[in-house]
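Spelled out from the first residue to the last, the chains are:
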Amino acid sequence: MARIMVVTSGKGGVGKTTTAAAFGMGLALRGYKTAVIDFDVGLRNLDLIMGCERRVVYDFVNVISGDANLNQALIRDKRCHQLYVLPASQTKDKEALTLEGVGRVLEAMGKDFDYILCDSPAGIEHGANMAMYYADDALVVTNPEVSSVRDSDRMLGILSSKSRRAENGDEPIREFLLLTRYNPVRVASGDMLSVEDVQEILALELLGVIPESEAVLNASNSGVPVILDETSHAGQAYADLVSRYLGEDLPHRFLDVPKKGLFGRLFKG
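Source: prediction; values computed, not measured.

Trainee: I would appreciate a short explanation of the overall build of the chain in the present structure.
Mentor: From N to C terminus, the chain includes 13 helices and eight strands. Taken against the 2.2 N^0.38 rule, which gives 18 Å for 269 residues, the C-alpha radius of gyration of the chain at 19 Å falls within 12% of a compact globule. For the chain, the spread of C-alpha atoms along the principal axes amounts to about 70 × 40 × 35 Å. Here the chain displays about 12600 Å² of accessible surface, and carbon together with sulfur accounts for 48% of that area.

Trainee: Explain helix α12 (residues 233-245) here, please?
Mentor: Quick reminder: α-helices carry 3.6 residues per turn. Residues three or four places apart thus point the same way. Under the 1.5 Å per step criterion, the end-to-end length of α12 is 18 Å for 13 residues, consistent within 8% with the ideal 18 Å. The buried fraction of α12 is high, at ten of 13 residues. Of the positions making up α12, those classed as buried are A234, G235, A237, Y238, D240, L241, V242, S243, R244 and Y245. Positioned one or two residues after α12, G247 has a phi angle of 105 degrees, which is positive.

Trainee: I would appreciate a short explanation of the sheet that holds strand β8 (residues 205-211) in the present structure.
Mentor: The strands that make up a sheet are held in pairs by hydrogen bonds between backbone atoms, and each pair lies either parallel or antiparallel. One open sheet holds the eight strands; their spatial order is β3-β4-β2-β5-β1-β6-β7-β8, and the pairing between them is mixed. What marks the edges here is a single partner per strand, and that holds for β3 (75-76) and β8. Pairing of strand β1 (residues 3-8) with strand β5 (residues 115-119), which is carried by five bridges, proceeds in the parallel orientation. Paired with R3 across the strands is Y115, a residue of β5. Relative to the sheet, α12 contacts β1, β5, β6 (137-142), β7 (174-182) and β8, its axis offset from that of β8 by approximately 165 degrees.

What counts, and where the lines are drawn
Residues numbered from 1 in each chain as written. Predicted model: local features only at pLDDT ≥ 70, side-chain atom pairs only at ≥ 80, totals over all residues. Heavy atoms only, no water. Helix = DSSP H or I, 4+ residues; strand = E, 2+ residues; numbered from the N terminus. Rg over C-alpha atoms; globule rule 2.2 N^0.38 Å. Areas by Shrake-Rupley, 256 points an atom, 1.4 Å probe, with all protein chains shown as cover. Expected span 1.5 Å × (residues − 1). Buried < 20%, exposed > 50% of the residue type's maximum accessible area, 1.4 Å probe, protein only. Pairing = 2+ DSSP bridges. Contact = heavy atoms within 4.5 Å. Axes fitted to C-alpha atoms, helices over the stretch in contact; angles between N-to-C directions.

Structure follows, in structure tokens:
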């Protein structure tokens, strides 16, 4: 059966969909058959970031309602044939997602996939609850700012109390932390929380730190998961994230202020 991970946060705009796309691509490139499901009914951004928006015919809600089957709705990535996308509906209401319907789809997919990533809407509304209910793992995405971390702490309470695992008294969801848009210069000046500050508040295993980078925006606008940009620090950090999740022991990079070269020190550039 597939391992199900929810990519979640308490606050919007922290990079969940970018992370789901990059993480999914990273797992698929390692040879694992992976599906990424967009739970953000009404908005549907995952297919844009994955560059497959023109290929959407049927969506997640169509499968739940029986208007289409999984084979009709799943979109296979052209760059990596181990990766599939199940887009959200732009026209349906969030209430179209039901626990029974979501569970039925995940059970069917679990027989054929190694990993299923659930790209959750922000906060604790209906779509987010649907995305996390069946999860085995949770990747909590946060920016290093007080409001984002505070909202993520609230999400941890939901994960520990409203999931299927919690209701059944099973082993808890494995929770991991991902810090995005990290800027060591702003941390050094006191304008941004440090990695240690965030970990002290959330007390989660740190799986990755993604540096603030224009490469993320450029990749999203191009419909290419940023992990494929192997020359960018953000792409490399996402690759490290996948490696750590799969059990590799790697040091965290891009946490310190870059040292200036001789020319930069001489001219204070």
